[in-house]
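Examination of the molecular architecture
Spelled out from the first residue to the last, the chains are:
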Amino acid sequence: MSIWQQKGALALVACAMGPWAQAEVVSFAFADVIKSNGAGHIDLFKPANKALEISAATLEAFRQDGAGELIFAVDVNEAASGSEKAQTQGVAVESIRLMVTIEGETHSYTGFRSQTRSILQPAGASSRAVYSTLLGNAGSNRVSSDAQSAINNSSFDATLRVPVDRDLSRASAISLTVTLLSTDTALGDPEAFYDYSNGYEMIALVSAADADYLDHLASGHEGAPLVLLADGASAGLSWLYYPSAQSHYVVSYEDLYPQRGDYDFNDLVVAYQVAVGVGENGAVQRIEGKGFLVARGAEYDHQWHLRIPMPAHASGMASLSLYAAGSETPLPGFPVSSAVNGNIDLALFESVRSIFRDGDSTYVNTFVEQSIVKGPRFEFAVALDTPIAREAIGAAPFDPYIYVHDTGYEVHMVGHSPVLPYSNNQASGQTGFRDDQGFPFAILIPDEWQPPLAAVDIGMAYPDFMNFVESSGTVANDWYRQPQTDRVKSIRFREW
């Protein structure tokens, strides 16, 4: 007999011994749900299965089984988009209120606990605070030791525990009101992850054994941003991933700046991800990152930087390692360390031409006839001397840029400025990164990107790109999903 079966059996034995002996503790779902507007009003006497008869004695049996708590399970049902995937989804709880009416007197309970928390800014607010969260995934394989249980073969995920200090066996009405938190999604993660954005969330009342099973399952925890465990087990850092724990930003460049050149946007293609480690107070203590070279269609040599704006007083130590493709051993001479003072500006690839080639060719993964060559990768870590407020750090995707050794120019994404004192940008007055027709020299795209073939204008490879640029990004936002397949190089780099 498993530990879950033992606990379930003990719960039923205890049930048979108490004054509420006729009431079985078998988890059941409610007819009421948390609606798509983020609010739910749950009548605890109203099960989803109309054949069930739920009495006050039944609810008291659950309270006794939960050692003085009513334990609810929630089926987290969110849109699998952005940083939320089928494997990890979440919402935040603004408040709950349990209303219990006994002999004409109504008692209100607002205290509750969930297994996880996060540090979030509500919509319309100007600061962050700690909120309880509910995590889950789109799976439906929950198995209870009791075949009658509501979680058996269900998709219930997270638990909410509400302490109740009264005997419920004489209650005439009990209801639970749940209000989910409306987060400021414009801030990106974690707020964008913990919004409510789909259908409805089902709720069940569960036995202690079923609750323990769900808590140990920890559905959706892996990959969720900024998870603080409510039991204090997260004494270390919690992590925010940009763009997410399972994906990368991809940045592509035209290196003939300030001339447009062939505009094939494959002179250099780099994938990268950044993770920000925060403590319980939400301040950043550590920043880590990783990435790799995807394609290179150029003769010129490039130095690739990732710049993260920081307050002037920021200080710490950075460590960088480079790896050959498929290797777990750093290249000779790595790791290297450097001091950080103020902004973080790491030259993660000093000379791309010297480390990323296809035999004798400087063109890699840009011709039809070329076999795919995996690029070298980097990892970096910055340990800050003093924690920095997350709001004081530059926003993702930060500032990925190249310095072109052959021309002496920096190339940034639109909206950024040159930063290297030795580049030609300032002296030549080339400080913007659009041409006179509004076309950029660096673009950031999701990691489903397939770069154009060498010498194929991006507008020919992606016909909607022109509409995207000419509208300043207000239309054709999914242009990168509509390639002319015979004009792009299909690289399955998300699997590298």
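Above: the structure in question.
Residues numbered from 1 in each chain as written. Predicted model: local features only at pLDDT ≥ 70, side-chain atom pairs only at ≥ 80, totals over all residues. Heavy atoms only, no water.

**Looking at the overall build of the chain**
Along the chain, the regular secondary structure elements total seven helices and 25 strands. When the backbone C-alpha atoms are referred to their principal axes, the chain occupies close to 85 × 50 × 45 Å. For the chain, buried positions account for 52% of its 496 residues. Carbon and sulfur atoms provide 48% of the accessible area of the chain, an area that totals close to 21200 Å². Separation between the mean location of the 30 positive side-chain charges and that of the 58 negative ones in the chain comes to 3 Å. (Helix = DSSP H or I, 4+ residues; strand = E, 2+ residues; numbered from the N terminus. Buried < 20%, exposed > 50% of the residue type's maximum accessible area, 1.4 Å probe, protein only. Areas by Shrake-Rupley, 256 points an atom, 1.4 Å probe, with all protein chains shown as cover. Lys, Arg positive; Asp, Glu negative; His and termini not counted. Charge placed at Lys NZ, Arg CZ, Asp CG, Glu CD.)

**A short note on the nonpolar core**
What tends to happen in soluble globular proteins is that the nonpolar side chains get buried as a cluster. Ranked by internal contacts, the top residues of the largest apolar core, which has 49 residues, are Ile287, Trp304, Met310, Phe378 and Phe380. Leave out the neighbours within four places in its chain, and phenylalanine 380 touches Ile287, Glu288, Gly289, Leu306, Ser319, Leu320, Leu346 and Leu348. (Core = buried A, V, L, I, M, F, W, Y, C linked by side-chain atoms within 4.5 Å. Contact = heavy atoms within 4.5 Å.)

**Observations concerning the side chain of aspartate 157**
Within the secondary structure, aspartate 157 sits in the loop between strand 8 (129–136) and strand 9 (158–163). Engagement of the side chain of aspartate 157 in a polar contact is seen with the backbone nitrogen of asparagine 137, the distance being 3.3 Å. A distance of 2.5 Å separates a polar atom in the side chain of aspartate 157 from a polar atom in the side chain of arginine 142. Among all residues touching aspartate 157, those that are not within four sequence positions of it are Val74, Asp75, Val76, Leu135, Gly136, Asn137, Arg142, Leu214 and Ser219. (Polar contact = N/O pair within 3.5 Å; in protein donor to acceptor, adjacent residues only side chain to side chain.)

**Quick look at helix 3 (residues 208–217)**
One full turn of an α-helix is made of 3.6 residues, so residues set three or four places apart face in the same direction. The element helix 3 is largely enclosed, with a buried count of seven among its ten residues. Those residues of helix 3 lying buried are Ala208, Ala209, Asp210, Ala211, Tyr213, Leu214 and Asp215. Of the residues one or two after helix 3, alanine 218 is the one with positive phi, at around 50 degrees.

**Here we look at the pairing of strand 20 (residues 344–349)**
Counting buried positions along strand 20 gives five out of six residues, so the element sits mostly inside the fold. As judged from the five bridges shared by strand 17 (residues 302–308) and strand 20, these two strands associate in the antiparallel manner. Counted as the bridge partner of histidine 305 is alanine 347 from strand 20. (Pairing = 2+ DSSP bridges.)

**A few points about the packing of aromatic side chains**
The geometry of two aromatic rings is summed up by the distance between their centres and the angle between their planes. Applying the stated criterion to the full structure yields 29 aromatic pairs. Ring geometry for tryptophan 304 against phenylalanine 378: centres 5.7 Å apart, planes inclined by 35 degrees, an arrangement best described as tilted. Taken together, the residues span a long stretch of sequence, with tryptophan 304 in strand 17 and phenylalanine 378 in strand 22 (residues 377–389) at a distance of 74 residues. Given a relative accessible area of 1%, phenylalanine 378 falls into the buried group. Their ring planes at 85 degrees and their centres at 5.3 Å tell us that tyrosine 403 and tyrosine 422 sit as a pair that is edge-to-face. One end of the pair, tyrosine 403, is in strand 23 (residues 399–404); the other, tyrosine 422, is in the loop between strand 24 (409–411) and helix 5 (425–428), and 19 residues separate them in sequence. For tyrosine 403, a relative accessible area of 11% gives the class buried. Taking NZ or CZ as reference, arginine 260 lies 5.2 Å from the ring centre of tyrosine 263, over its face. Over the ring of tyrosine 323 we find arginine 377, and its NZ or CZ is 4.0 Å from the ring centre. (Phe/Tyr/Trp six-rings, centres within 6.5 Å; stacked < 30°, edge-to-face > 60°. Lys NZ or Arg CZ within 6 Å of the ring centre and 35° of its normal.)

**Observations regarding the sheet that holds strand 24**
Pairing is antiparallel across the open sheet formed by four strands, whose spatial order is 20-17-23-24. Each edge of the open sheet carries a strand with a single partner, namely strand 20 and strand 24. Within this sheet the neighbouring strands show an average axis-to-axis angle of 30 degrees, counted without direction. (Axes fitted to C-alpha atoms, helices over the stretch in contact; angles between N-to-C directions.)

**Quick word on the pattern of salt bridges**
Within this structure, the stated rule accounts for 18 salt bridges. For glutamate 191, the salt bridge identified is with arginine 128, shortest N-O distance 2.7 Å. Here glutamate 191, found in the loop between strand 10 (171–180) and strand 11 (201–205), pairs with arginine 128, found in the loop between strand 7 (116–120) and strand 8; they are 63 residues apart in sequence, far enough to count as distant. Taking the shortest distance from any N to any O, the salt bridge between arginine 142 and aspartate 157 comes out at 2.5 Å. Of this pair, arginine 142 sits in the loop between strand 8 and strand 9 while aspartate 157 sits in the loop between strand 8 and strand 9; the two residues are 15 residues apart in sequence, bridging distant segments of the chain. Of the two residues examined, arginine 142 and aspartate 157, each falls in the buried class. In the salt-bridge network here, residues are joined through shared partners; they are Glu69, Arg113, Arg161, Asp212 and Asp215. (Salt bridge = Lys/Arg side-chain N within 4 Å of Asp/Glu carboxyl O.)

**Regarding unusual backbone geometry**
Looking along the chain, the bond that leaves tyrosine 257 and enters proline 258 is cis, with omega of 5 degrees. Residue proline 335 is reached from phenylalanine 334 by a cis peptide bond, and omega for that bond is 5 degrees. When you line up the elements, proline 335 lands in the loop between strand 18 (315–323) and strand 19 (336–341). Located in the positive-phi region is leucine 226, a residue other than glycine, with phi close to 50 degrees. Relative to the assigned elements, leucine 226 resides in the loop between helix 3 and strand 12 (228–229). At phenylalanine 265, a position not held by glycine, the phi torsion is positive, near 50 degrees. Note on placement: phenylalanine 265 falls in the loop between strand 14 (249–253) and strand 15 (268–278).

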